[in-house]
Amino acid sequence: MSPVIEVTNLRKAYGPTVAVADVSFAVERGEIFGILGPNGAGKSTTVEVLAGLRPADGGSTVVLGVDTQREPAAVRPHLGVQLQESRLPARLTVGEALDLYAAFYPEPADAAELLDLLGLTDQRRTAFADLSGGQQQRLSIALALVGNPQVAILDELTTGLDPQARRDTWALIEKVRDAGVTIVLVTHFMDEAERLCDRLVIIDDGRVVAAGSPASLVAAGEDRRTFRMRLPAGTAPALADGLVRLPEVDTVAAVDGGYEVTGGPRVLPAVVLALAEGDVAPDEVRTLSRTLEDVFVDVTGARPPALEAAS
Ligand code: ADP
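Residues numbered from 1 in each chain as written. Predicted model: local features only at pLDDT ≥ 70, side-chain atom pairs only at ≥ 80, totals over all residues. Heavy atoms only, no water.

A few words on the overall build of the chain. When you go through the chain residue by residue, the secondary structure sums to 12 helices and 14 strands. A principal-axis box enclosing the C-alpha atoms of the chain has dimensions of 75 × 45 × 40 Å. When the 311 residues of the chain are sorted by exposure, 46% land in the buried category. Residue pairs at least 24 apart in sequence account for 67% of intrachain contacts in the chain once pairs closer than 6 positions are excluded. (Helix = DSSP H or I, 4+ residues; strand = E, 2+ residues; numbered from the N terminus. Buried < 20%, exposed > 50% of the residue type's maximum accessible area, 1.4 Å probe, protein only. Contact = heavy atoms within 4.5 Å.)

Sheets are built from strands that pair by backbone hydrogen bonding, the pairs being arranged parallel or antiparallel. Pairing is antiparallel across the open sheet formed by 4 strands, whose spatial order is S12-S13-S11-S14. Both edges of this open sheet fall to strand S12 (249-255) and strand S14 (283-288), since each of them pairs with a single strand only. Going across the sheet, the axis of each strand differs from the next one's by a mean of 20°, ignoring polarity. Bridge count for strand S11 (residues 225-230) against S14 is 4 bridges, and the pairing is antiparallel. The partner of threonine 226 across the bridge, within S14, is leucine 288. (Pairing = 2+ DSSP bridges. Axes fitted to C-alpha atoms, helices over the stretch in contact; angles between N-to-C directions.)

Okay, the pattern of salt bridges next. Summed over all chains, the structure comprises 14 salt bridges. One salt bridge in this structure joins arginine 166 and glutamate 192, with 3.5 Å as the shortest N-O distance. Taken as a pair, arginine 166 in helix H6 (residues 163-178) and glutamate 192 in helix H7 (residues 190-196) lie far apart in primary sequence, 26 residues in all. Each member of the pair, arginine 166 as well as glutamate 192, carries the same accessibility label: buried. (Salt bridge = Lys/Arg side-chain N within 4 Å of Asp/Glu carboxyl O.)

Bringing the packing of aromatic side chains into the picture now. Here the structure, examined in full by the defined rule, presents 2 aromatic pairs. Between phenylalanine 25 and phenylalanine 33, the ring centres sit 5.1 Å apart and the planes meet at 20°, which makes this aromatic pair stacked. A residue is classified by how much of its surface remains accessible, and phenylalanine 25, at 7% relative accessible area, is buried. It is arginine 166 that lies over the ring of phenylalanine 189; its NZ or CZ is 4.4 Å from the centre. (Phe/Tyr/Trp six-rings, centres within 6.5 Å; stacked < 30°, edge-to-face > 60°. Lys NZ or Arg CZ within 6 Å of the ring centre and 35° of its normal.)

Relative to the elements of secondary structure, serine 140 occurs in helix H5 (residues 133-145). Within the local environment of serine 140, its side chain forms a polar contact with the backbone oxygen of glutamine 137, the two atoms lying 2.8 Å apart. (Polar contact = N/O pair within 3.5 Å; in protein donor to acceptor, adjacent residues only side chain to side chain.)

This paragraph deals with helix H10 (residues 267-277). Note: α-helices contain 3.6 residues per turn, so residues at a spacing of three or four share the same orientation. Restricting attention to buried positions, one finds in H10 the residues Val267, Val271, Ala274 and Leu275. Buried residues in H10, looked at end-on, bunch into an arc of 100°, giving them a common side. Within H10, the exposed residues directed more than 90 degrees away from the buried face are Leu273 and Glu277. Buried residues belonging to H10 abut S11, helix H9 (237-242), S12 and strand S13 (258-263). Aspartate 279 sits one or two residues past H10 and shows a positive phi near 65°. (Arc of directions from axis to C-beta.)

A separate point is unusual backbone geometry. Although it is not a glycine, asparagine 148 sits at a positive phi angle of roughly 55°. Secondary-structure assignment places asparagine 148 in the loop between H5 and strand S7 (151-155). Positive phi, normally seen in glycine, also occurs at aspartate 205, with a value near 55°. With respect to the secondary-structure elements, aspartate 205 resides in the loop between strand S9 (199-204) and strand S10 (207-212). Here aspartate 205 falls in the exposed class, since its relative accessible area comes to 63%.

As paired elements, S11 and S13 share 5 bridges and run antiparallel to each other. Bridging from a neighbouring strand, threonine 226 pairs with threonine 262 of S13.

Let us look at the domain arrangement of the chain. Annotation of the chain at the domain level lists domain 1 (5-218) and domain 2 (225-289). If you average the C-alpha positions of domain 1 and of domain 2, the two centres end up 44 Å apart. (Domains from an automatic or database assignment.)

Once that is clear, we can look at the nonpolar core. One recurring pattern in soluble globular proteins: nonpolar side chains tend to sit buried together. In terms of nonpolar packing, the biggest core is built from 46 residues, with Leu98, Leu114, Leu139, Ile183, Leu185, Leu200 and Leu292 touching the most fellow members. Here this core takes 6 residues from H5, the largest share from any one element. Listed in part, the 27 residues of the second largest apolar core include Val23, Phe25, Ala51 and Val184. (Core = buried A, V, L, I, M, F, W, Y, C linked by side-chain atoms within 4.5 Å.)

A few words now on the packing of helix H3 (residues 94-102) against H5. Relative orientation of the contacting elements H3 and H5 amounts to 25°, with a least axis distance of 9 Å. Overall, the two elements H3 and H5 adopt an arrangement that is roughly parallel. Between H3 and H5 lies a crossing of right-handed hand. In this structure, H3 uses Val94, Ala97, Leu98 and Tyr101 to contact H5, whose residues at the interface are Leu139, Ala142 and Leu143. The residue inventory of the contact of H3 with H5, partitioned by class, reads 7 nonpolar, no polar and no charged. (Parallel < 35°, antiparallel > 145°, perpendicular 65-115°, else oblique. Left-handed = near helix turned anticlockwise from the far one by under 90°. Nonpolar A, V, L, I, M, F, W, Y, C, P; charged D, E, K, R; others polar.)

So, in structure tokens, the structure goes:
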């Protein structure tokens, strides 16, 4: 079976700014496929070109067998797109918005079913401006799905939602996928990608820097270990400072009144042994398992934007 989406050597510049230098990936039917990357990496440009909303400068984008560069209109009835910050007129009600969008498609979804799926049945007559942030977000997902698309592209799905609303939205996306829709998820939230995506690419500076399932990406770097420990009060600071000179150790950082140590597979025994030679036994040793966030930091050299925003 051929992939539902095939992006090959995509390139797109805005004047002198190269937004996408060289991006290739393929998405299989029924997948939730993630596109991750720091701000400005080229994620939105990639999906806008993919959806036939912008012309590319090079490479090809094929969706459901249609070249979206040559025939953007041919794929539109089968493609649902939720772009960042879709704003609707303040007084437009949920029901009116759905009817309006449904009119663009030959075989729209059943509006009542869609409202039920998205938990918006009671808001049918509510104006856009009177919806909560979570409800507005769910409406924008409903609008992306109203055309009964085979493929849905969702950009920054849960930005601005509270933790409960984010979890509800994740459950909803899984329901939509289970109904047979292939989903492309643009996100900068690592937990979201780890939880939802079957496979993903990480894009940095307009190029794919990592690709695979969350589990395979996390496992690929497992030769690097991280652990935290506390040292007994009165331990000479020079002893902790000297740990970074051990060949197994990469970094030692003071964290939460203790230390976070990273290094190779044998970093923990090497540190415990070195401390024992100084007659010190560490307290509260806790190993940290690697997450997609660590992969992101490794391959992009950037802190995830979610953390930057929070700090
Ligand atoms: P991301 O979605 O990963 O944040 P974008 O695709 O939005 O990345 O942007 C990639 C680069 O292209 C950035 O440097 C951005 O400033 C630039 N860019 C995006 N859209 C435009 C535009 N319409 N005109 C000019 N530059 C743009």
